[in-house]
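Observations on chain architecture
Each chain, written out:
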Amino acid sequence: MTNPSRRGLLIILSSPSGAGKSTMARALRAWDPTINFSVSATTRAPRPGEEDGTDYRFVGEEHFRQAVAEGEMLEHAHVFGNFYGSPKAPVQAAIDQGQDILFDIDWQGAQQIRNSDLNTHTLSIFLLPPSITELKRRLESRGQDDAETIAKRMGKSWDEISHWDGYDFVLVNDDLDQTEARLKSIITAARLRLSQQPAIKDHVRRLQSEFEDLKCPSTPSPMPAPRSLPRRGSPLTPMSSAR
Ligand code: ADP
Ligand code: 5GP
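Attention in this report is confined to the structure presented alongside it. (Residues numbered from 1 in each chain as written. Chains lettered and ligands numbered in written order. Predicted model: local features only at pLDDT ≥ 70, side-chain atom pairs only at ≥ 80, totals over all residues. Heavy atoms only, no water.)

1. Re helix H3 (residues 89-96)
Every buried residue of H3 is listed here: Val91, Gln92, Ala94 and Ile95. Relative to the axis of H3, the buried residues are bounded by an arc of 160 degrees and lie together on one face. Packing partners of the buried residues in H3 comprise strand E1 (10-14), strand E2 (36-37), strand E5 (73-79), strand E6 (82-87) and strand E7 (101-104). One or two steps after H3, the chain reaches glycine 98, where phi turns positive at roughly 75 degrees. (Buried < 20%, exposed > 50% of the residue type's maximum accessible area, 1.4 Å probe, protein only. Helix = DSSP H or I, 4+ residues; strand = E, 2+ residues; numbered from the N terminus. Arc of directions from axis to C-beta. Contact = heavy atoms within 4.5 Å.)

Shown next as structure tokens:
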């Protein structure tokens, strides 16, 4: 379903592996099925139960390098010895149709999207674990990885955590329900940013016509100037396209 009265958000979830990104992504999708997942391409092997095209697009390294060379990736990174990247094509389509798109990506990908033209439409959230002991427990209890892979993920966790301060929001994912509720609040608020509401300009114009029709004592200037500059882009600036 399209909803051109608003722009879609690029919602980025990052965290060290095991802190809860996939769990939260599933909860958000259950809350609002119109949220799209960005299906990343990766050169890593599928885990048991993972489906090509749903969890990831599983591709060979040559295919991946070619997609990057041809500019098909919005961002890409080398993580845990494999390449991962977010295909660009579905992203612009989703945001133009007023649909949000959720990215489960690492800090390198988040940084690349923040530095792109799409930053205006980006909401980035970092999940921290309540403790490193709990992070390890979650990785083990997930039952998806062998001891060597878990050790590798734990080894990289500090590198990921050290980028916590580059995000719009940081949540400690201790209590599941609380984290879920906070994420929903953050997304609900971000959808109301001026940058996400192109139709507001027309609404203000209608208010202006009505104001003039009613012959209110003071006639406003043709378009009321914003009292202060919006933090992210201007609602009157057309959106730039993804590169
Ligand atoms: P990530 O996608 O960040 O690697 P997951 O979402 O797969 O992490 O979560 C890792 C494990 O931790 C899963 O077994 C999940 O059920 C569990 N988990 C996630 N969030 C919480 C939480 N707040 N409390 C307890 N367990 C959690
Ligand atoms: P996993 O192998 O556990 O699915 O993912 C490993 C790490 O790669 C996670 O931190 C995940 O967020 C990250 N990741 C998954 N897809 C992408 C992607 O498209 N781009 C980037 N930059 N990171 C990704």
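2. Description of the site of ligand 1
Neighbouring ligand 1 are 14 residues, the closest being Gly18, Lys21, Ser22, Thr23 and Arg142. In this structure, a nitrogen atom belonging to ligand 1 sits 2.9 Å away from a main-chain N or O atom of aspartate 174. Of the residues belonging to the shell around ligand 1, the class tally is three nonpolar, seven polar and four charged. (Near = heavy atom within 4 Å. Polar contact = N/O pair within 3.5 Å; in protein donor to acceptor, adjacent residues only side chain to side chain. Nonpolar A, V, L, I, M, F, W, Y, C, P; charged D, E, K, R; others polar.)

3. Details of the packing of helix H1 (residues 21-31) against helix H7 (residues 176-190)
Between H1 and H7, the least distance of the axes is 10 Å, while the angle of their chain directions is 60 degrees. Comparing the axis directions of H1 and H7 gives the class oblique. At the point where H1 passes H7, the crossing takes the right-handed sense. Across from Thr23, Met24, Ala27, Leu28 and Trp31 in H1, the residues of H7 making contact are Leu176, Thr179, Glu180, Leu183, Lys184, Ile187 and Thr188. Class assignment for the residues of the contact of H1 with H7 results in seven nonpolar, three polar and two charged. (Axes fitted to C-alpha atoms, helices over the stretch in contact; angles between N-to-C directions. Parallel < 35°, antiparallel > 145°, perpendicular 65-115°, else oblique. Left-handed = near helix turned anticlockwise from the far one by under 90°.)

4. Focus: helix H6 (residues 147-161)
Side chains that are three or four residues apart share a direction in an α-helix, a result of its 3.6 residues per turn. Taking 1.5 Å of rise per residue, 15 residues should cover 21 Å, and H6 covers 21 Å from first to last C-alpha, within 8% of that figure. Taken as a whole, H6 carries its principal kink of about 25 degrees at glycine 155. Those residues of H6 that are buried lie in contact with E1, helix H4 (107-114), strand E8 (122-128) and helix H5 (132-142). (Expected span 1.5 Å × (residues − 1). Bend = angle between axes of the 7 residues up to and from the residue.)

5. Quick notes on the pairing of E5
By the criterion of burial, E5 is predominantly enclosed, with five of the seven residues buried. Across six bridges, E5 lies against E6 in antiparallel orientation. Each bridged residue has a counterpart across the sheet, and for valine 79 the counterpart in E6 is asparagine 82. Adjacent in sequence and paired antiparallel, E5 and E6 are bridged by two residues, among which phenylalanine 80 carries a positive phi angle near 50 degrees. (Pairing = 2+ DSSP bridges.)

6. Some words on the side chain of glutamine 196
Considering the arrangement of structural elements, one finds glutamine 196 in the loop between H7 and helix H8 (200-213). Using a relative accessible area of 0% as the deciding quantity, one classes glutamine 196 as buried. In terms of polar contacts, glutamine 196 uses its side chain to reach the side chain of serine 195, at 2.9 Å.

7. As for the sheet that holds E5
The strand order E4-E3-E6-E5 describes an open sheet built from four strands, whose pairing is mixed. Two strands close off the open sheet at either side, each with one partner strand: strand E4 (57-58) and E5. Where strand E3 (residues 41-42) meets E6, two bridges bridge the pair, whose relative direction is antiparallel. Looking at the pairing, alanine 41 lines up with glycine 85 of E6.

8. Description of the sheet that holds E8
A sheet is described by the order of its strands in space; here five strands give the open sequence E2-E7-E1-E8-E9, paired in parallel fashion. Strands at the two margins of the open sheet, each flanked by one partner only, are E2 and strand E9 (169-172). The strands that H3 touches are E1, E2 and E7; relative to E7, the one it contacts most, it runs at about 145 degrees.

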